[in-house]
Protein chains: 4
Amino acid sequence: MTADSRPARPTLLGQNQYGKAENRVVRIVRDGATHRIKDLNVSVALSGAMDDVHYSGSNANVLPTDTTKNTVFAFAKEHGIESAEAFGVHLARHFVTSQEQIHRARIRIEEYGWERIGATGHSFARTGQETRTTEITFDGRGFQVISGLKDLVVLNSTDSEFWGYAKDEYTTLKETHDRILATEVTARWRFSWTGEDETEGDGAENGDAPAWEETYAQVRGHLLEAFAGTYSLSLQQTLYAMGSRVIEHHAGIDEVRLSLPNKHHFLVDLEPFGLKNDNEVYVAADRPYGLIEGTVLRDGAEARIPVTD
Amino acid sequence: MTADSRPARPTLLGQNQYGKAENRVVRIVRDGATHRIKDLNVSVALSGAMDDVHYSGSNANVLPTDTTKNTVFAFAKEHGIESAEAFGVHLARHFVTSQEQIHRARIRIEEYGWERIGATGHSFARTGQETRTTEITFDGRGFQVISGLKDLVVLNSTDSEFWGYAKDEYTTLKETHDRILATEVTARWRFSWTGEDETEGDGAENGDAPAWEETYAQVRGHLLEAFAGTYSLSLQQTLYAMGSRVIEHHAGIDEVRLSLPNKHHFLVDLEPFGLKNDNEVYVAADRPYGLIEGTVLRDGAEARIPVTD
Amino acid sequence: MTADSRPARPTLLGQNQYGKAENRVVRIVRDGATHRIKDLNVSVALSGAMDDVHYSGSNANVLPTDTTKNTVFAFAKEHGIESAEAFGVHLARHFVTSQEQIHRARIRIEEYGWERIGATGHSFARTGQETRTTEITFDGRGFQVISGLKDLVVLNSTDSEFWGYAKDEYTTLKETHDRILATEVTARWRFSWTGEDETEGDGAENGDAPAWEETYAQVRGHLLEAFAGTYSLSLQQTLYAMGSRVIEHHAGIDEVRLSLPNKHHFLVDLEPFGLKNDNEVYVAADRPYGLIEGTVLRDGAEARIPVTD
Amino acid sequence: MTADSRPARPTLLGQNQYGKAENRVVRIVRDGATHRIKDLNVSVALSGAMDDVHYSGSNANVLPTDTTKNTVFAFAKEHGIESAEAFGVHLARHFVTSQEQIHRARIRIEEYGWERIGATGHSFARTGQETRTTEITFDGRGFQVISGLKDLVVLNSTDSEFWGYAKDEYTTLKETHDRILATEVTARWRFSWTGEDETEGDGAENGDAPAWEETYAQVRGHLLEAFAGTYSLSLQQTLYAMGSRVIEHHAGIDEVRLSLPNKHHFLVDLEPFGLKNDNEVYVAADRPYGLIEGTVLRDGAEARIPVTD
């Protein structure tokens, strides 16, 4: 900040960031007749010496958001997209190391899955299930990678109870020993990897970086296994089981944050029609919904995934 | 209509319908430890002798929308949900045959797919890919069943061209001999079955009705195969190939309507950065988009699927 | 269609149309320091001699959807945007009269409202209330204009009853003599104007065309007045009152179609907490919802607004 | 936490919260024939001694989310809804003071505006413009109130430039000295009020609490005035002007956070059609978009609004 540029105001600039959001880049790799596809939504957020542009409108330190968009597409060609995480590492490092005034870059990426159809090798259908996410932050010294998923809807049609809870004068809920438990999983997991030993390198020899693609598939599997395999007395218990299972199976993951809306399925009262509803017919409700959120940490690790909801 | 009830106005009532929309019914079937799930969104629309309620507000002929909701949930118990189509047939027949003033019932259903997770037999994840649809109409004489799907996103990364088109003074598009072709399929197919021989029956012996579940899986497969297998000179050509393939393989389907937005993937110009983009890096665009819609008919059949878009 | 081009298939092409959808054109008119803004979302759908492109992929008759997009933006400069309707008339006429193979053009437009903020003359806030709509169709002989609105949420907190309805074994609803009546209005009204006397003209002297902007404001007012002013025994009665009022006040409008979801506001049972709820506290429900749809016609007019829902 | 209840796992529970989200409460106040309406969406999140429920599934400390829902509706009757903020203060205080195991309550509220229509006194149309927001947090000692708005779309059709920015090898953007500047404002402002002197009271004598309703109208006005009145060299400059203006005019507000997506309106190139586009015809783009976020602080104040995006 240039002291002169600041207006004589009783206010100061706090945290700020800027960049181009939601760059929809699709990368095709042609291995003969067999193609591979990576389909990403990339958002760039940069921070640094940005006082002047806020105080006076001087853009001298502002790399245009349009440039950050161009960089996303150019890097898809120059570096390819091996994984969303590796791609984000390239981008985050680039902005901080190439522009002196940028001190921190955060790359958020959504990835949409595709599966093959037909026998052509170049035909795909979007899987449509969960959206894969990652967030890569670089501050010039180390990386922080928080990967995750969202929109993954799961349901147990039994092995869920809810009773023995606290009661006050506004409590009318009946206890239940057999209910549907359904949720739409949003999960984020933080890798301990910071890449600090190799930030001087070109990134190609990311020797010690996690195997991003394999890890994703495994973590997804553990979340599903823990959801399915937990006899649940509360959604909180299921949440903790899901987060713990991930950390127990992945030495490289120190923290998991889960946001689990309780997608209520209420048993419909069919008695007015002379019918017995033996846990067969449910109405899926929209709003309101219970919302259970929590962090599970490796013993000794520090919580760094922000509580955003 | 009671002549007296109509106000002395220069206006008349035209087509009208009413009912409860978006009843979210979930049916669990427990086969020992193995559960099955049907997850539907059911909308009821009834028509008939409804002049009075519009002209004077007399509800004497109006079965409440709340009752139609109750019926959906009660029928899920009484009849089960073997398929969305069979369930809709039960409902449509019921409203028309049980209420004299109701002359026509239309049941629209969306179905959400689930796949098993874990080994419990009662754990599921929503597939999240296409939404299955059906619309059953009954007018007291026969049924019309139009089934379909929506939200199915498909992409060919090659084998698509676009050239040789008409040009006028507003044409700037460059011809291409290798482009990405992507669309989000909305398809509706009409069955020739009308159930007219058995509308007196109880529906349980729907002997001649199509095998709704198997047919769905097959039609879906044919749509995907035709999309993947067509070397495309235009999205219209692909559309016709998709519809034709369904009709050719299904004697019981007379008409297919497809709505195919052209989800443009534009090749990014990387030359300003000294890079060659050899059909590798694309930007997925949102709006505007080409929209291609068309009906394919069995030779001799009549078009009955309404053009709604 | 070229007979040769049709594959030897047991299928035929039915109704079809194509064009560029959702062109987001914003037009600024600068009257000195005072600016005016028109903000439209324009969708083009063309029909005509399109057999070849479906049967063989020959694009010889296909004016690219990209060209239809360019035309929208060029016409915003060449003709300006006096109203969405006048703009659509220009576009529809152009496509049919300039391309022999195009026999019918349908232009759908959404318009977003803006209001002035500050004193600059060039600063605006989006009103965010209803979205204005219009659909202009031209077949080479005459126009059909169906204008309307959507997303307009209205509520009466009293003067609504619901009782005296038909009952069956699935009826549990309690009668009420004071309820909230709320809906989200979708309305479409058809003008009798077809412009047949002047289709040879340049459109600038649209002497007999309705005053589109004034009419819109008036119709919107009549819909709101009728909703507010009707003591309602059923939503159908309100619907008919709304449509009738428009037709009675507008000689140039022959038909109105309304789609009125019943946005249920249920009285909350507060008795478990020792509280009396004297029509004070409601829960606004999402799904399911009653859906009431109907057409009101001028006596003697023909129904032409398609029943799409 | 009961030490025994924690499983022998290498993991620990971190930050967690739970409650019922999106309670859609509508409160009607009848002042004779003139009614008033408050339309809120209330989300409750509670934290406290919740280890057991995560580790073992014991719900002994868990007040059900269903109870928190009931409380929202009961409080709408017991306390009325003078403002979203005052309502949230009642709720937050209640949960923390009435349940020993709950140490912190956060109430988030969205409010939807209504305007009168007709002359009935009980008829309303939803304004549809911005959504008003507030978040009230209580930890047993003091409150933190962060109010705001979202979905407010504004546009200046001139008096915006963008030039003199940093350039690198990926920069292709042309400088401009007259562009459209449009954004969708999300703003949150933190009150310095903590209510610490009166948390023992019943809340009715909230003597020193800000005038929530008046303040909202004023802050909204200041945001709009600053947006309209700033000759803008960058959206960051406009952001700072908006935040500063609020703080300068409101002694009770210490911090403002703004999230301003740059809703790009690109000038359409009409030269291929022989037309000159003199800042008249624009295409409103969807994605990608610039995203500018920042905090403005009163000199000496501490930043407490979380950076969530």
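Residues numbered from 1 in each chain as written. Chains lettered and ligands numbered in written order. Predicted model: local features only at pLDDT ≥ 70, side-chain atom pairs only at ≥ 80, totals over all residues. Heavy atoms only, no water.

Going by an unreviewed UniProt entry, chain A carries the name Uricase and comes from Actinacidiphila acidipaludis. Taken verbatim from the UniProt record of chain A, the Sequence similarities (unreviewed entry) comment is "Belongs to the uricase family." The UniProt entry for chain A carries the following comment under Catalytic activity (unreviewed entry): "urate + O2 + H2O = 5-hydroxyisourate + H2O2". (UniProt positions renumbered as here; feature names shortened; annotations may be inferred.)

Peer 1: Lay out the interface of chain D and chain A with the relevant residues and their values.
Peer 2: Across the boundary between the two partners, chain D contributes 83 residues, which contact 83 residues of chain A. For the pair chain D and chain A, the interface holds two salt bridges. For R287 of chain A, the salt bridge identified is with E22 of chain D, shortest N-O distance 2.9 Å. On the surface where chain D and chain A come into contact, there are 52 residue pairs in polar contact (both at pLDDT 80 or more). Broken down by element, the side of chain D that touches chain A gets its largest block of residues, 11 residues, from strand β1 (residues 11–21) of chain D. Partitioning the side of chain D that touches chain A into residue classes produces 32 nonpolar, 32 polar and 19 charged. Pairing of strand β13 (residues 289–298) of chain A with β1 of chain D involves nine bridges; the strand directions are antiparallel. When the sheet's bridge partners are listed, Y289 of chain A is paired in β1 of chain D with A21 of chain D. (Contact = heavy atoms within 4.5 Å. Salt bridge = Lys/Arg side-chain N within 4 Å of Asp/Glu carboxyl O. Polar contact = N/O pair within 3.5 Å; in protein donor to acceptor, adjacent residues only side chain to side chain. Helix = DSSP H or I, 4+ residues; strand = E, 2+ residues; numbered from the N terminus. Nonpolar A, V, L, I, M, F, W, Y, C, P; charged D, E, K, R; others polar. Pairing = 2+ DSSP bridges.)

Peer 1: Tell me about the pattern of salt bridges, residues and numbers included.
Peer 2: Residue and element names in this part refer to chain A. As enumerated under the stated definition, the model contains 84 salt bridges over all chains in all. Between R132 and E213 there is a salt bridge, with the nearest N and O atoms lying 2.7 Å from each other. Residue R132 is found in strand β7 (residues 131–138), and its partner E213 is found in helix α4 (residues 212–229); the two are separated by 81 residues along the sequence. Using a relative accessible area of 10% as the deciding quantity, one classes R132 as buried. (Buried < 20%, exposed > 50% of the residue type's maximum accessible area, 1.4 Å probe, protein only.)

Peer 1: Tell me about the packing of helix α2 (residues 65–78) of chain B against helix α3 (residues 84–98) of chain B, and name the residues and values.
Peer 2: Residues and elements named next belong to chain B. One can describe the packing of α2 onto α3 by two numbers: an axis separation of 11 Å at closest approach and a directional angle of 135°. Overall, the two elements α2 and α3 adopt an arrangement that is oblique. The hand of the α2/α3 crossing is right-handed. On α3, the residues that touch T68, T71, V72, F75 and A76 of α2 are F87, H90, L91, H94 and F95. For the contact of α2 with α3, the per-class residue count stands at six nonpolar, four polar and no charged. (Axes fitted to C-alpha atoms, helices over the stretch in contact; angles between N-to-C directions. Parallel < 35°, antiparallel > 145°, perpendicular 65-115°, else oblique. Left-handed = near helix turned anticlockwise from the far one by under 90°.)

Peer 1: So what about the packing of α4 of chain A against helix α5 (residues 235–249) of chain A? Which residues, and what values?
Peer 2: Residues and elements named next belong to chain A. For the pair α4 and α5, the least separation of the axes is 8 Å and the interaxial angle reads 145°. Handedness of the crossing formed by α4 with α5: right-handed. Residue-level contacts link V219, H222, L223, E225, A226 and F227 of α4 to T238, A241, M242, R245, V246 and H249 of α5. Tallied by class, residues from the contact of α4 with α5 come to seven nonpolar, three polar and two charged.

Peer 1: Before we move on, could you go through the relation of the copies chain B and chain C and cite the residues and values that matter?
Peer 2: When chain B is fitted to chain C, the residual RMSD is 0.0 Å, and the transformation amounts to a turn of 180° plus an axial shift of 0.0 Å. Taken together, these values place the two copies in the relation of a two-fold axis. Measuring from the rotation axis to each C-alpha of chain B, the shortest distance belongs to T308 of chain B, at 2.6 Å. Here 100% of the contact residues of chain B are again contact residues in chain C; the copies associate through an equivalent surface. (Least-squares fit on C-alpha atoms with pLDDT ≥ 70 in both.)

Peer 1: Account for the interface of chain B and chain C, with residues named and values stated.
Peer 2: Each partner contributes to the interface: chain B provides 83 residues, whereas chain C provides 83 residues. When chain B packs against chain C, the two sides together hide about 6,800 Å² of surface, and 51% of this comes from carbon and sulfur. For the pair chain B and chain C, the number of links is 52 residue pairs in polar contact (both at pLDDT 80 or more). Mapped by element, the contributors of at least two residues to the side of chain B that touches chain C are β1 (11–21), β2 (23–31), α1 (51–55), α2, β4 (102–111), α5 (235–249) and β13 (289–298) of chain B. When the residues that make up the side of chain B that touches chain C are grouped by side-chain class, the tally is 32 nonpolar, 32 polar and 19 charged. (Buried area = accessible area lost by both parts, 1.4 Å probe.)

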